[in-house]
2 protein chains.
Amino acid sequence: MATTPAPDTAAGTDRLWASPLGSDLSFLLARANAASLAAGNAALAPHGLKARSYSVLELAVADTRPSQRELAAFLRLDPSQVVALVDDLQSRGLIERQPDPNDRRANVVIATDAGRALAEAARASAESAEHALHASLAPADRARLAELLRAIATP
Amino acid sequence: MATTPAPDTAAGTDRLWASPLGSDLSFLLARANAASLAAGNAALAPHGLKARSYSVLELAVADTRPSQRELAAFLRLDPSQVVALVDDLQSRGLIERQPDPNDRRANVVIATDAGRALAEAARASAESAEHALHASLAPADRARLAELLRAIATP
DNA sequence: TATTGTTATACTCTATAACTATA
DNA sequence: TATAGTTATAGAGTATAACAATA
């Protein structure tokens, strides 16, 4: 993540944008993501969530019944990190580990009623923050951006 | 960052993409950035660089004569982190701290000849990795993506 | 033999506060 | 009084290896 230590416009950093780095797709991606993550985490904080835990909660709420292994793969996290995320959400009564009847090694993650309620409230905050982030984009541009990102983000 | 612990296509994570999260712009941004960062760092590693240090080096090579404070603002890093990055690159003879004649508190960061040579080699690797990442996109789409990202990434 | 969840550990990154020298 | 660079330190995030239970 990256909060905003200095307002960037402080000095004449405009001229730095003229450097090759200012056109580098990886750099733009990193910067856009940093802004998005900072705004998202700030919006989720009042709900006791961060981007990571919010993602897990949303996947549980969606009734896709993911195993922890699937969560790890989809979120590109190490399985051991998913343990900590699920532990936290479960200890707060937002999700539950349900033993998979087909594979007794695996846990299926499902949301509780409290989890669904919190997810709805958190989603409203997150969407509002996200909208503010790309307020300068027309709706069609936003859809196009999502489409292009998906081409890169999808395996 | 996020390396790839599991190949994602391993299990049926396709159905997870159908969840609301799969259309969430912040999530797509995070995932695209993770893929880009992982590919970029892997490409830069043989040159002894990471995304961060490569960015600093490129800005030094571009002759924009940034102060450390400006680097911090532009890269959205804390000034104390820039110290470590500049220390590292300077100890390897790739950049130099030049006292700013107009403000004796400030250092201006400039590249050495060795720094310029390394930057050129690293840039080739980085561009090749980046190109592979969005190989599925038409050139026009790539330009459009950069444009849209810039709208979000720019202050 | 391979896989799921788990634990433990080391490492990197990030945030914060303080200090100095200049302005 | 404020700013540029620096140092030190604590915390969050990440990677890695090992283990028990199950397939």
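Preceding this paragraph is the structure being described.
Residues numbered from 1 in each chain as written. Chains lettered and ligands numbered in written order. Predicted model: local features only at pLDDT ≥ 70, side-chain atom pairs only at ≥ 80, totals over all residues. Heavy atoms only, no water.

So what's going on with the protein's contact with DNA strand D? Residues and values would help.
By nearness alone, 21 residues border DNA strand D, and Arg52(A), Asp78(A), Gln68(B), Arg69(B) and Arg105(B) come closest of all. Atoms of DNA strand D within 4 Å of the protein belong to the sugar or the phosphate in 71% of instances, the rest to bases. Separating a base oxygen of DNA strand D from a side-chain N or O atom of Arg105(B) is a distance of 2.6 Å. Looking at the surface near DNA strand D, the elements with two or more residues in it are helix H5 (79-91) of chain A together with helix H4 (68-75) and helix H5 (79-91) of chain B. Examining the composition of the surface near DNA strand D, we find that 3 residues originate from one element, H5(B), more than from any other. A per-class count over the surface near DNA strand D returns 5 nonpolar, 7 polar and 9 charged. (Near = heavy atom within 4 Å. Polar contact = N/O pair within 3.5 Å; in protein donor to acceptor, adjacent residues only side chain to side chain. Helix = DSSP H or I, 4+ residues; strand = E, 2+ residues; numbered from the N terminus. Nonpolar A, V, L, I, M, F, W, Y, C, P; charged D, E, K, R; others polar.)

Give a detailed account of the protein's contact with DNA strand C, specifying residues and quantitative values.
The environment of DNA strand C is made up of 20 residues, and the closest members are Gln68(A), Arg69(A), Arg105(A), Arg52(B) and Asp78(B). Side-chain polar atom of Lys50(B) to a phosphate oxygen of DNA strand C: 3.1 Å apart, as the coordinates give it. Take Arg52(B): an N or O atom from its side chain is 2.2 Å from a phosphate oxygen of DNA strand C. For the surface near DNA strand C, the elements supplying multiple residues, two or more each, are helix H4 (68-75) and H5 of chain A together with H5 of chain B. Among the residues forming the surface near DNA strand C, the class breakdown is 4 nonpolar, 7 polar and 9 charged.

Can you break down the relation of the copies chain A and chain B residue by residue, with the values?
Aligned on chain B, chain A shows an RMSD of 0.0 Å; the corresponding rotation is 180 degrees and the shift along the axis is 0.0 Å. A rotation of that kind, with that shift, is consistent with a two-fold axis. Both copies present the same face, since 98% of the interface residues in chain A are matched by interface residues at the equivalent positions in chain B. (Least-squares fit on C-alpha atoms with pLDDT ≥ 70 in both. Contact = heavy atoms within 4.5 Å.)

Tell me what's going on with the packing of helix H2 (residues 25-44) of chain B against helix H6 (residues 113-133) of chain B, and back it up with residues and numbers.
All names here are of chain B. Closest axis-to-axis distance for the H2/H6 pair is 9 Å, and the angle between their directions is 145 degrees. Judged by the sense of rotation from one axis to the other, the crossing of H2 with H6 is right-handed. Here Ala35, Ser36, Ala39, Ala43 and Leu44 of H2 come into contact with H6, specifically with Ala122, Ser125, Ala126, Ala129 and Leu133. Residue composition of the contact of H2 with H6, grouped by class: 8 nonpolar, 2 polar and no charged. (Axes fitted to C-alpha atoms, helices over the stretch in contact; angles between N-to-C directions. Left-handed = near helix turned anticlockwise from the far one by under 90°.)

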